[in-house]
Amino acid sequence: MFASDRAALSGSTAAVPQFENERPRETDDALLAAVGHTPLLPLCRISRGGGFELYAKAEFLNPSGSVKDRAALAIVRRALAEGRLSGGRVLLDASSGNTAVAYAMLGARLGFPVELCVPRNANPDRVARMRAFGARIVFTDPAEGSDGAQREARRLADADPEHRFYPDQYNHPGNPGAHYATTGPEIWEGLHGRLTHFVAGVGTGGTISGSGRFLKEKDPRIRVIGVEPTGPIHGIEGLKHLPTALRPSTYDARVVDETIRIETEEASEVRASLAELEGLAVGLSSGAAVAAALRVGRAHPGAVIATILPDSGHLAPEARP
Ligand SMILES: Cc1ncc(COP(=O)(O)O)c(C=O)c1O
């Protein structure tokens with residue numbers, strides 16, 4: 001339908017500017033308005049009989065499929081407002097997968113080129129999505145994980161600063177800022193201030209630091225618990241083993257009261273239970289977060305716990321019949 005037809009139908013020209021322009025504006029686009037305000041789901045069956053309440057934010061329902069839409073949108077909004085993506089300048093960043101997909105979607109939607117450094121072993125479905133959105137992908141050494149991707153992005157940005165804008169999600173205040181402004185308030189309001197513990201996986205640390213800071217400002221008694229893999233070599237996509245990784249400045253250690261380390265195998269078992277008991281087909285980092293939340297609940301009778309389900313799962317070989 002053309003703008004003139006819609007205007008004739010609605011009797012107004014005010015509501016249809018997007019049909020006249022080549023691209024939607026990030027300030028009023030309905031797709032981007034769908035980022036965040038995800039459901040807060042009670043996980044009753046997996047926590048049954050434990051004597052605590054467990055809730056999880058269904059972040060896989062964000063438009064590009066993960067929690068990273070929140071940070072990527074905040075970063076892109078700021079870049080656009082500061083004019084950093086004008087004149088065909090490329091947005092370049094490093095990611096273990098989900099932020100890359102989020103940037104690629106935003107680039108396709110809003111009309112700026114995107115270049116992404118990702119480890120070669122990134123989830124093939126994520127890589128296919130980045131490609132479908134038209135992003136350029138630079139693969140990096142899988143043995144170096146997201147740290148290697150970060151080093152390559154820095155090298156590329158330094159080589160051509162005029163044509164590339166490197167926001168660096170691992171050190172960009174808009175990343176925790178997005179969670180301070182949205183995820184934290186959504187959890188607080190969703191639980192009517194009853195929260196006692198917040199449990200979240202740590203990648204860039206944006207989710208835990210931003211949401212955690214907001215929640216502690218509301219009630220300093222709330223315990224904030226980070227979830228990390230047990231060692232540097234692990235299969236939990238999106239999470240970092242901070243003691244051996246490049247430390248992101250988006251991780252605010254002052255907000256995190258405790259860290260629980262989860263084996264990949266335990267994350268995988270809990271992920272399977274989330275599908276079977278709760279109808280949630282989520283990624284491994286969701287399994288790790290819920291595994292940690294269950295430990296917290298068992299140790300604290302009466303606790304009201306919120307956690308994050310960062311993305312959806314793909315059918316891993318062990319899950320096939
Ligand atoms: C699947 C998944 N889980 C958890 C996280 C951690 O989120 P954050 O970077 O906010 O610490 C990420 C981040 O990329 C992720 O992709």
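Before reading further, recall that the structure is shown in the block above.
Source: prediction; values computed, not measured.

The next thing to look at is the sheet that holds strand E9 (residues 258-262). Spatial strand order, E1-E2-E10-E7-E8-E9: six strands in an open sheet with mixed pairing. The strands lining the two open edges of the sheet, one partner per strand, are strand E1 (40-42) and E9. Each strand of the sheet is rotated relative to its neighbour by a mean of 25°, with strand direction disregarded. Sheet analysis places strand E7 (residues 197-201) next to strand E10 (residues 304-309), joined by three bridges and oriented parallel. Bridged to His-197 within E10 is Ile-305.

Glancing now at the sheet that holds strand E3 (residues 90-94). Pairing is parallel in the open sheet, where four strands are placed in the order E5-E4-E3-E6. Looking along the sheet, the strands with just one partner apiece sit at the ends: strand E5 (136-140) and strand E6 (164-165). Bridge analysis of E3 against strand E4 (residues 114-119) gives four bridges, and the strand direction is parallel. Bridge pairing in E4 places Leu-92 opposite Glu-115. Contacts from helix H7 (residues 145-159) reach E3, E4, E5 and E6, with the element oriented near 150° to E3.

Another aspect to go through is the nonpolar core. Core analysis: the biggest nonpolar cluster contains 45 residues, and Phe-198, Val-199, Ala-288 and Ala-292 have the highest contact counts within it. When contributions to this core are tallied by element, the ones reaching two or more residues are strand E2 (53-58), helix H8 (174-190), E7, helix H9 (206-218), strand E8 (223-229), helix H10 (264-278), helix H11 (284-299) and E10. Per element, the largest residue contribution to this core is nine residues, and it comes from H11. Discounting chain neighbours no more than four positions away, the residues touching Val-199 are Ile-225, Val-227, Ala-289, Ala-292, Ala-293, Val-296, Ile-305 and Thr-307.

Next up on the list: the site of the ligand. Surveying the vicinity of the ligand reveals 20 residues, the closest of which are Gly-203, Thr-207, Gly-238, Ser-285 and Pro-310. Listed by contribution, the elements that provide at least two residues to the shell around the ligand are helix H5 (98-110) and H9. Tallied by class, the residues present in the shell around the ligand amount to three nonpolar, 14 polar and three charged. The two domains that each donate at least three residues to the shell around the ligand are domain 1 (30-63 + 176-319) and domain 2 (68-171).

Procedures and definitions
Within each chain, residue numbers correspond to sequence positions counted from 1 in written order. Since the coordinates come from a predicted model, pLDDT governs what is reported: local features require at least 70, and pairs of side-chain atoms require 80 or more to be given and counted, while whole-chain, interface and lining totals use all residues. For two strands to pair, DSSP has to find at least two bridges joining them. Helix and strand definitions follow DSSP, with helices as H or I runs of at least four residues and strands as E runs of at least two, each counted in order from the N terminus. Geometry is summarised by axes, namely lines fitted to C-alpha atoms with helices restricted to the contacting stretch, and by angles between N-to-C directions that run from 0 to 180 degrees. Contact between residues is assigned whenever the C-beta positions, reconstructed from backbone atoms, fall within 7 Å. By our criterion, buried Ala, Val, Leu, Ile, Met, Phe, Trp, Tyr and Cys residues that link up through C-beta atoms within 7 Å make up a nonpolar core. The burial criterion counts other C-beta atoms lying within 10 Å of a residue's C-beta, which is placed from the backbone; the residue is buried at 20 or more, exposed at 12 or fewer, and partly exposed between these limits. By definition, a residue lies near a molecule or strand when the C-beta atom built from its backbone is within 6 Å of it. Residue classes follow a fixed rule: Ala, Val, Leu, Ile, Met, Phe, Trp, Tyr, Cys and Pro count as nonpolar, while Asp, Glu, Lys and Arg count as charged, and any other residue, Gly among them, counts as polar. For the domains described, the bounds stem from an automatic or database domain assignment.

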